[in-house]
Each structure stands twice: as C-alpha cells, then as structure tokens.
Amino acid sequence: MAELPVPELPVTPSRCSGRFTISTLVGTEEGGRGPYAPAEGSGCDSAHPTHLSGSTFCTRTFGYNTVDVVPAYEHYANSKGVGDGRKGRPSLADLHSILKPDQGHLQVLVSDPQRSNGLVEAGLEEPTGEPGKAPAPEPVRFGWVKGVMIRCMLNIWGVILYLRLPWITAQAGIALTWLIILMSVTVTTITGLSISAISTNGKVKSGGTYFLISRSLGPELGGSIGLIFAFANAVAVAMHTVGFAETVRDLLQEHNSLIVDPTNDIRIIGVVTVTVLLGISLAGMEWEAKAQILFFLVILVSFINYLVGTVIPATAEKQSKGFFSYRADIFAQNFVPNWRGPEGSFFSLFSIFFPSATGILAGANISGDLKDPAVAIPKGTLMAIFWTTMSYLALSATIGACVVRDASGSLNDSVAVGSPGCEGLACAFGWNFTACAQRQSCRYGLSNYYQSMSMVSGFGPLITAGIFGATLSSALACLVSAPKVFQCLCRDQLYPLIGFFGKGYGRNSEPIRGYMLTYVIAVGFILIAELNAIAPIISNFFLCSYALINFSCFHASITNSPGWRPSFRYYSKWAALFGAAISVVIMFLLTWWAALIALGIIIFLLGYVLYKKPDINWGSSIQASSYNMALNYSVGLSEVDDHIKNYRPQCLVLTGPPNFRPALVDFVGTFTKNLSLMVCGNVLIGPRKLKMPESRLTADGHTKWLMKRKIKAFYTDVVAEDLRSGVQMLIQAAGLGRMRPNTLVLGYKRNWRTASPQSLEDYVGILHDAFDFKYGICLMRMKNGLNVSRVMQAHVNPTFEAAEHSKENGASSRAASGAADPTTLAGEQQANTIFQSEQGKKTIDIYWLFDDGGLTLLIPYLLGRKKRWGKCKIRVFVGGQINRMDEERKAIVSLLSKFRLNFHEVHVLPDINQKPRPEHIKRFDDLIAPFRLNDGFKDEATVAEMRQGCPWKISDEEVNKNRAKSLRQVRLNEILLDYSRDAVLIAITLPVGRKGRCPSSLYMAWLETLSQDLRPPVILTRGNQENVLTFYCQ
C-alpha cells in the first residue's frame, strides 16, 4: 500500500472490527458539516494537503494512514471498460507518483463501523436522492416462486395438455408418448441449463431473453432475436386469447347462445378478453402476479379434479364413452402405438406436442422485476420444467390406464361379458364397441374424443376452467413479456424509429407505450381470426431463441474468456451445442417453410445491424472468440517460414497523429486494405511524465478517427526524448510475430533547408536505421505537402516537423490537449485527398531505375487493383542505352510478363545519362551551397576537425566524388517533367546514400532535386534488396 508519512493517531475502539480496521481521520458531522468535510489537524498531513484525484480518500487501514482502500462493492458496480476507475478507489498515479502539495483539501472517507471490511453487500445499492425529498417508493420485486416458477409453469401448461395429450397417448401409446415428452423436455432442460449459466454470469437487468443473448453474443444476433421475440410474444397473446375465445364460443354454441355468428363471436370475445388483460397489466406487476396466482390455483384444482375422477367408479354413461377406471389390460393395450390418420406418425405427433413444452422463458423475460435474477431464473425455470414434466407424464400414464381408444357413447352397446361377436378390450367390461370401431366412426375414446379429460374428471366444468386458466395465463405472460423485452431493445437503439417505446413509467419503469403497442398487434391478429398460418412461424421464433441461448452458452464456454464465470455450474458446453443444433432441427420438423421464413427474417435483421455497426460494447463472446482466433492464427503464422509468393508490404507509417497527414494514411490504406498490415506510428517527444497522459488521452481518439475514415489500420505511439530514438523503438517493437512491418512509409521533409540541422540529421538517420533493420522504404512527396495540422488550427507535432516547433508555449499546449480529446478527434470533419477520388483513365508512371527486389513495382500494382485506380494505365520506365533499346525493352517486357503484373506500357529511357541543362545544374549547386564546408579539398583529418559539431556539412571532396550521382538526379527530374507531368502518380526508385559517406544535407538535396516541380504525388520507393516478386510456383 502507498503509505502516507503522517503521525500515528489514536484509534477509536468503537470503530474497530477485529484486525480489519478502517477509521476516519476527520471528525464526523458537526455543526452542519457534511461527512466528507475536511477536518483540522487530520492525520493526513494537514500542514501540507496533497492533490489527489477526485475519487481518492485518506483512510486508516491495517493500523496506518494510507490513500489506498480496501475492496468494496462500489468500486466495481457499473464498471464497463478495462481500467475503469470507480468511485472511492485512488488512481494508480495517486499511489505510485509523488504527491504534490496543493492548496485544496484532502477528501476523507468516513468509515462505516458496520462495513469496516469495505465489502458492501451487492444488494445494497442505494440511489442518492435529493435532500429534503422523500425517497422514491421501492419497485415491486418477485422471488423465484412467484416471479419465475409459477409464471413458467403457467406458460408451459396450455390447451394441448387438456385437449391433445390424451389423443397423442392414444396414437403413440404410453411408451412413445413418454419418449415424445422426454425428448421435448430434454431440449427445454438443456436450454434451461444454458439460461441458468448465462443469467448467473454477471448482474442481469431487464430485457429477459434479448438481454441474455445480446450481452452474450453481441448486438447483431441479440438485436434480431429481440425484435422477433417481442413480436412473437405479441402475436402469441392473440393466439392464446383466440384459444380462450374459441372455448367460450363452443360453450355458447352448446347452449344456442351465440352473440352474432361463430367467427365474429371469437373476435368480440377475444378483443374484450385482451382488453381486460391489458387493464390487469397496466395496473402493475403486483396485480398481474396476483392474477397469475389465481390462474395457477384454478389449474391445480382442475388437475386434482381430474385425478379424483380417475379413481371414482365409472358410471354407465362414462363407461359408454370408454372410461373404466384403472385397468391393467387397458394400460397394456394403450402402452403400444396405434397410428391412425394422416398425422399418425412419431414426428407428426412430436411436432404437435413440442409447443406445449415451451414457455420456459416467461420468468427470464421479466428479469428486471426479480429480486435476484441470478438465483430466481435458474431455480424457478428448472423447477418449472421438472413439475410440468411430471404432470405431463402422470396425465399420459393415468388416462392411458383408464380409457380405451374407441367407444360409441351409446348406452345401448352394453352386453354381457363374453358375448359372441364382440371384439375389443371393452368386451371384457360388458361393452361392445365393435361396430363403430370397424367403421372408424366412434365418437368417443382416446383416439376420437378430445375432451376425454373433462369426461374422466369428477366435475367437468372444472376442466373447462383449467383450459380458461391455461390460455389466459399464457396470454397474460406474453402480454407482459413482449413490452419488457421490447423496452430494453428500444433503449439500446439498435433499430431506428423505435426509441419512443423505450420510456418507462412508475416505480417499476413500466413500458406503458410498449403495452399499448402489444395490445394493438394482438387486437389486429385477433380480428384477422386466421392464426393457423402464423402459428408455425411464431413457434419457430421461439425455437430460434432457444437455439441462440444454447449457442450463447456454448460459444462463451469455448472462448475461454476470463469473464465467463457463471456461478451455476451444472451445464455442459457440448450439451448446449446439442441443444442449439436440435432446436434448429425441430424448427424444420415442425414446419420447414416457417423455419426458412424465420431464418430469413433473422438474417435480414442481422445484416442491418452489421451494416449500421452500432457503437456498443457489451463484452460479448464474439469479441472473445475474435481474440482467440487472432491469437491462434498469429501463433500459427509464426510456425511457417515466409515465402516470396505470400509477401505483402506490411507498412509502418510515420503519420504522427493520423488526422494530421490524411493523404499519407489514405495512400497506404488504399493498397493495404484487406491485404496486409498497416500501423500508424506516432512519436511523442518530451519527458515521459508529461507525454504519457497525452498518449493515453489521444490513442482511442486516433483509432476512432481511422475507423471513421474506413482505414483498416492500427495506431501506436511511443514517448521518446528525440525523434530518431522514437522511430527506432517503433521499428523494433511494432507488430507481433509474422505480423510485423517490413516497409517504412513516411512523408518528405519539405522544410529541411530551414529546419534545425539536428532534425535534418535525425530524418536521414531514420532512413539509414530502416535499412539497417532490413526494412523497405516508401517516401511520399506531394506538391502542397502532407501536414494539414496548420489548416486544422491544431498544434504542430514535433515528430515530423522542425525540432524548434517542439518548444510551444503553455497556451498552445493547452490548446493541443483540447484538440486531442478522443470525441473531438473522432468527430472532426474528414479532409479529402486525391487517394479517395476516382482517378479515371489517367496514368501511373513507374520509374524502375534500379533493381530493389521489386517493391517499386509491387506497390503501384497493388494500388492499380483497387476500384478507384482500376482504370488507370500503368507505364514502366527503365534506363537503357540508345543502341540497345529494343533488346532491353524486350528483356524487361519478358520479365514483367513472367511476374504477371499486366502493365500496359514499357519505355526505355536512352537519354538518362545525358548531361542536364546548365540552369538546372546551377540550381542544384545553389541548393547545396549553404551546406558546403568550403574546405578547399583538405585532408580527411582536417575536414573531420572542421566538421565537428556539424556533420551535415558537405566537404569539397564529397561534392566531387558524388558529382555524377548528383547530376543524375538533376537529369531524372528533367525526364520526369518531360514524360510524367500529367500522370496521376509517379513511383520512382529511391536513391541510396552511403552511410558515413553522404552527408544528410547532400542526400536531401538529391531527393529535393529529383522530385521538385512535379504536380502529381511522388512515391520514392526502395526495397531491402530482397525479392518480393517471383515467377515460380514454389
């Protein structure tokens, strides 16, 4: 810990708790002073108060005074990014750096004697309200029984339980019916385990299924599922309500009491019902929970009523309908399948039953209304699956042991036991159903009568009440789920025009607007009254959710992210993968065309979010997977040697702040995009202590600027005492494994004649360093320069300008800090450059004067492959002799054809060795005149003594020795002006100055002479003299 040198203070015993002691160093609230008011004579060196960050407090910990603090819940609550400092925790600078005296006061943390260990309970987040106002009422929160288990059980139980399970038992037999139930439950159980794992991996907020998937797999898949899941729940309200309305309509028909006609009665009853359910929902979650409990009790009573009915001796009327109480031979006969009709197959029955096993997400969908979602969701969901499974198995076994498959319902069919001509199991009980069984015209029995449960029960109307409870509870659960999920989606703003529905009202932040939207959708589908076509699509939407929840659990597990730490341990990543795969299979088993529609909608919504690229970071497993893949591929690259065929110009671009040199960034970004590595390097010159804060502040902004400009590049900076040492750091440290730069790209130093001599020496030294490290060099010169920082009225970065600019006054330094704000950098207006526009049918001229391995050819070729430069004609110029022009041209054409570069023209320059015009020679001599030593051809020792302290000076001997090379640069400039004045880009081989033999000023004079007066951008390129092109296949 960072100990403060303060005198020991007495510790109040009442404020100590064991060995873990935190005592306040100031007085408590006195005379109206707040708990954080500074105290006189405090133990934190009150004579010299220290300047700490705003979140730092002085506490007494482990028996001495320190600014360090013990672990506390508040330090981690709501943290998002790595290194996100929380309230109460000192910064690293507070602990590590020297504390500077300040006239301000030291903040002091008043310890709570009941929380002396600093570990605050997670549930005790108390919002800070305004003084004088009554605290806001606590929102209603539910436990795992009322909030999840009962809700899920009600949503799982449905009309299929009452009306279709007996029929399925008759078709498939008890054995295969149990298999169908267990197969369905296997999928839902695996999904339940996956939900449990995801919901216990961090604090779950409102949003339910959408929240779980989006925070795990990211906004792309989460957003698409959230939208269709909310819509599916809204339509499911209509489906369940219509199921209720049809049951009521049938009762009215039995008593000849129709309101209008059968179809319109469904619409009237449905609209009235969904309006009543909306009123219950708007009354608040507490009233909705009470209604659900009422429905739950009704269903339980109906179950008890059914079970009582199975043990009551059968009356003659019930026997005529096939009910004979528990009989072993009935159980034996119904144990095996008896397929009938077009739906008489295993998978057909499975597709009919499976929707009755769904509904396990009802509890998770109200995650924001649970006291502790991490406990309630796993416990409630799994218990709901268990008890509903038991009820399905019990119902199938009991009704299969009591009721025969065929019965006429006629009391006249009773016969004496053993009567001749009687066939079937009922004959042993005194009933002859042979005639209707052979004609397949029986109206009763398990195979024919959907209301078998009502017939078996002790009191039939209670089964009808159970159907009402099952349909209305499911409708109410969906009516609550849809707005809750949709509200969270609206607040995340992944899709346009839906933010209006994200507003919450009341202490539970109820989505009133979402309720109204769900109501309108439900009423619309109720009025259509044709839900048979839409129902399969809705089932597939729910199955998509199951598949993605399982895949989320699997994906988060295999990424090995340290952040995947679910407290629920009873899950398997392979079981989750199986659950995801089987959910997709079931989608196609149910209705293949509906599965295709559902997948098509998801893909469309996924594509939209991928296109929009929302600025959201939820720490998804997709990010963790991307990191794993990048890491594995990078390590894999290191295991294979480089090959010329796979050579890529991986560029370290000395941009300084990238927004200062957009043309340089665009040029390299054009030919490296989706092809090779690009690293934008920046050297911050100055003391590390002063420059490190600037580095931390601007790095993120520069990266966002590159992303906004659609440049696929990395940004990195280093702090160094001078330019050259900083670039040496970048050259040696940039990259990873095989993903390391091999080409240094930098701008031409236009002000080399007026800059400080040392900056000139550093600039040329950088080129020598690059060659020493086996780098290729690409140097870019534009007529109006590259640096637009002055135009932007921003500070001049000293890295690539004259050294004297590094000494700015305080005002400009402060202005630079303001301009370097990440938000400002990312949001500033983007400068347009030549490399962003269509070039049309212009020419790119390559002057391949010396063999550098082929880099001079490769970069323009890669540039020409891009769409904006694709129409340009590429011309290659080489030097030659006038008497061998044809032979040399054919040789170069043959070589280029073997390289398969498809250049359009090849020209031989026979006049390259001609003497330049006198006025141009004089201009060159005038250029180097200020830098000449004028030593009169003295010996080397004398020259070295005269040049001491000014190594950039050019001796007369060096001028004489390099005269031919100097004149060649003058002549080349004349050729460039003659042949390439109208080109869109000129690429020319960079001349090399011998280290220690060519002064930096002479070398810069060569580059100046070679590239002066040219309108198009000039790219001076020199490879590292190793092949980057090959015409071999291996």
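A brief structural summary. Values in this document were obtained by computation on a predicted structure and should not be read as measured data.

Before going further, it helps to spend a moment on the overall build of the chain. Regarding its fold elements, the chain presents 33 helices and 13 strands. The burial tally for the chain puts 51% of its 1034 residues in the buried class. Considering only residue pairs separated by 6 or more positions, the chain has 80% of its internal contacts joining residues 24 or more positions apart. In the structure as shown, the chain presents an accessible area of about 48,800 Å², 57% of it carried by carbon and sulfur atoms.

Attention shifts here to the pairing of strand 13 (residues 1018-1022). Across the five residues that make up strand 13, a large majority, five, are buried. Neither face of strand 13 is exposed, since Val1018, Leu1020 and Arg1022 on one face and Ile1019 and Thr1021 on the opposite face are all buried. With helix 33 (residues 1000-1011) bridging strand 12 (residues 985-989) and the parallel strand 13, this β-α-β connection has right-handed handedness.

Turning to the packing of aromatic side chains, a few remarks are in order. Going through the model one piece at a time under the given rule, you end up with 30 aromatic pairs. The interplanar angle of 70° and the centroid separation of 6.1 Å between the aromatic rings of Phe231 and Phe525 together place this pair among those described as edge-to-face. Of this pair, Phe231 sits in helix 6 (residues 219-254) while Phe525 sits in helix 16 (residues 512-528); the two residues are 294 residues apart in sequence, bridging distant segments of the chain. Residue classification places Phe525 among the buried residues on the basis of a relative accessible area of 17%. Between Tyr847 and Phe877 the ring centres are 4.6 Å apart and the planes differ by 10°, which places this aromatic pair in the stacked class. Of the two residues, Tyr847 sits in strand 9 (residues 843-847) while Phe877 sits in strand 10 (residues 873-879), which places them 30 residues apart along the sequence. Of the two residues, Tyr847 and Phe877, neither departs from the other in class, the shared state being buried. One aromatic cluster is present, built from ring pairs that chain together Trp157, Tyr162, Phe296 and Phe303. If you follow Lys290 out to its NZ or CZ, it ends over the ring of Trp287, 4.8 Å from the centre. The ring of Phe500 carries the charged tip of Arg513 above its face, separated from the ring centre by 4.0 Å.

Next up on the list: the environment of Arg164. Within the fold, Arg164 resides in the loop between helix 3 (159-163) and helix 4 (165-199). The class for Arg164 is partly exposed, based on a relative accessible area of 28%. For Arg164 and Phe353, which are 189 residues apart along the polypeptide, the C-alpha to C-alpha distance reads 7.8 Å. Setting aside residues up to four positions removed in sequence, Arg164 forms contacts with Val159 and Tyr450.

Further remarks concern the pairing of strand 4 (residues 651-654). Going residue by residue along strand 4, you find Cys651 and Val653 tucked away on one face and Leu652 and Leu654 tucked away on the opposite face as well. Here four bridges tie strand 4 to strand 5 (residues 678-685), and the two strands are oriented parallel to one another. When the bridges of strand 5 are listed, Leu652 appears paired with Val679. For the segment spanning strand 4, helix 21 (residues 662-672) and strand 5, crossover handedness is right-handed.

This part covers a nonpolar patch on the surface. Where nonpolar side chains cluster on the molecular surface, the patch consists of Val584, Phe588, Trp592, Trp593, Leu596, Ile597 and Ile601 and spans about 620 Å² of accessible area. Sorting the residues of the nonpolar patch by element identifies helix 18 (573-590) and helix 19 (592-612) as the ones contributing at least two each. For the nonpolar patch, the element with the highest residue contribution is helix 19, accounting for five residues. Structurally, Phe588 can be placed in helix 18.

This brings us to the sheet that holds strand 6 (residues 714-720). Strands in a sheet are paired, the pairing made by backbone hydrogen bonds, and the direction either parallel or antiparallel. Ordered by their spatial adjacency, 10 strands build an open sheet running 6-5-4-7-8-13-12-9-10-11, and the pairing between neighbours is mixed. If you trace the sheet from one side to the other, it starts and ends with strand 6 and strand 11 (905-909), each paired once. Strand-to-strand twist in this sheet, taken as the mean axis angle between neighbours without regard to direction, amounts to 20°. Helix 21 contacts strand 4, strand 5, strand 7 (743-747), strand 8 (776-781) and strand 13 of the sheet and is inclined by roughly 170° relative to strand 4. Docked against the sheet, helix 22 (residues 688-708) engages strand 5 and strand 6, running at close to 170° with respect to strand 6.

A separate point is the state of the cysteines. Under the criterion given, the structure shown has one disulfide. The disulfide partner of Cys436 is Cys442, and the S-S distance across this bridge is 1.9 Å. Handedness of the Cys436-Cys442 disulfide follows from its S-S torsion of about 80°: it is right-handed. For the residue pair Cys436 and Cys442, the accessibility class agrees, reading buried in each case. Free of any disulfide, Cys490 has its nearest cysteine sulfur in Cys488, 9.3 Å distant. Judged by relative accessible area, Cys490 falls into the buried class, the value being 2%.

Glancing now at helix 7 (residues 262-282). An α-helix turns once per 3.6 residues; consequently, residues spaced three or four apart project the same way. In this model helix 7 runs 30 Å from its N-terminal to its C-terminal C-alpha over 21 residues, within 8% of the 30 Å that 1.5 Å per residue would give. Turning to helix 7, its buried residues are Asp265, Ile266, Ile269, Gly270, Thr273, Val274, Leu277, Leu278 and Ser281. Residues of helix 7 that are buried sit in contact with helix 6, helix 15 (460-492) and helix 16. You can read the cap of helix 7 off the contacts: a side-chain oxygen lies 3.1 Å from the backbone nitrogen of Thr263, and it is on Asp261. Looking one or two places after helix 7, you find Gly284, whose phi comes out positive at around 120°.

Once that is clear, we can look at helix 19. End to end, helix 19 covers 30 Å across 21 residues, agreeing with the expected 30 Å (1.5 Å per residue, within 8%). Looking at helix 19, one finds that the buried residues are Ala594, Ala595, Ala598, Ile602, Leu605 and Val609. Projected down its long axis, helix 19 carries its buried residues within an arc of 105°, all on one side. Opposite the buried face of helix 19, at more than 90 degrees from it, the exposed residues are Trp592, Ile603, Phe604 and Tyr611. For helix 19, the secondary structure elements touched by its buried residues are helix 6, helix 17 (535-558) and helix 18. Backbone geometry just after helix 19 places Lys613 at a positive phi near 50°.

About the cut-offs
Along each chain, residues carry numbers from 1 onward, in the same order as the chain's sequence is written. Per-residue local features are limited, in this predicted model, to residues with pLDDT of at least 70; the limit for side-chain atom pairs, both in listing and counting, is 80 or more; totals at the level of whole chains, interfaces and linings are taken over all residues. Each side-chain value is derived from all of the structure's non-hydrogen atoms; neither hydrogens nor water enter the calculation. Note on conventions: DSSP H or I runs of at least 4 residues are helices, E runs of at least 2 residues are strands, and numbering of each starts at the N terminus. We call a residue buried when its accessible area falls under 20% of the maximum for its residue type, exposed when it is over 50%, and partly exposed in between, using a 1.4 Å probe and counting protein chains only. Here, residues are in contact when the closest pair of their heavy atoms is within 4.5 Å. Values of accessible area rely on a 1.4 Å probe in the Shrake-Rupley scheme; residue burial ignores everything except the protein chains shown. Look down the strands so they point away from you; if the path from the first strand over the helix to the second goes clockwise, the crossover is right-handed. Only the six-membered ring of Trp is used, alongside the rings of Phe and Tyr, when aromatic pairs are assigned; centres must lie within 6.5 Å, and planes under 30 degrees apart are stacked while those over 60 apart are edge-to-face, with the rest tilted. The criterion is that NZ of a Lys, or CZ of an Arg, lies within 6 Å of the ring centre and within 35 degrees of the ring normal, and then a charge sits over that ring. Two strands pair under a simple rule: DSSP has to find at least two bridges between them. Patches draw on residues past 30% relative accessible area with no salt bridge. Two like charges within 9 Å are joined, as are two nonpolar side chains (Val, Leu, Ile, Met, Phe, Trp, Tyr) within 5 Å. Note on definitions: salt bridges are taken to be side-chain nitrogens of Lys or Arg within 4 Å of carboxyl oxygens of Asp or Glu. Lines fitted to C-alpha atoms define the axes, with helix axes restricted to the stretch in contact, and inter-axis angles between N-to-C directions lie between 0 and 180 degrees. Cysteine sulfur atoms are paired as a disulfide whenever they fall within 2.5 Å. To estimate how far a helix should reach, multiply one less than its number of residues by 1.5 Å. Any N or O atom pair separated by 3.5 Å or less is treated as a polar contact, with the protein-specific requirement of one donor-capable and one acceptor-capable atom, and with residues adjacent in sequence counted only for side-chain atom pairs. As used here, the arc belongs to the directions running from the helix axis to the C-beta atoms.

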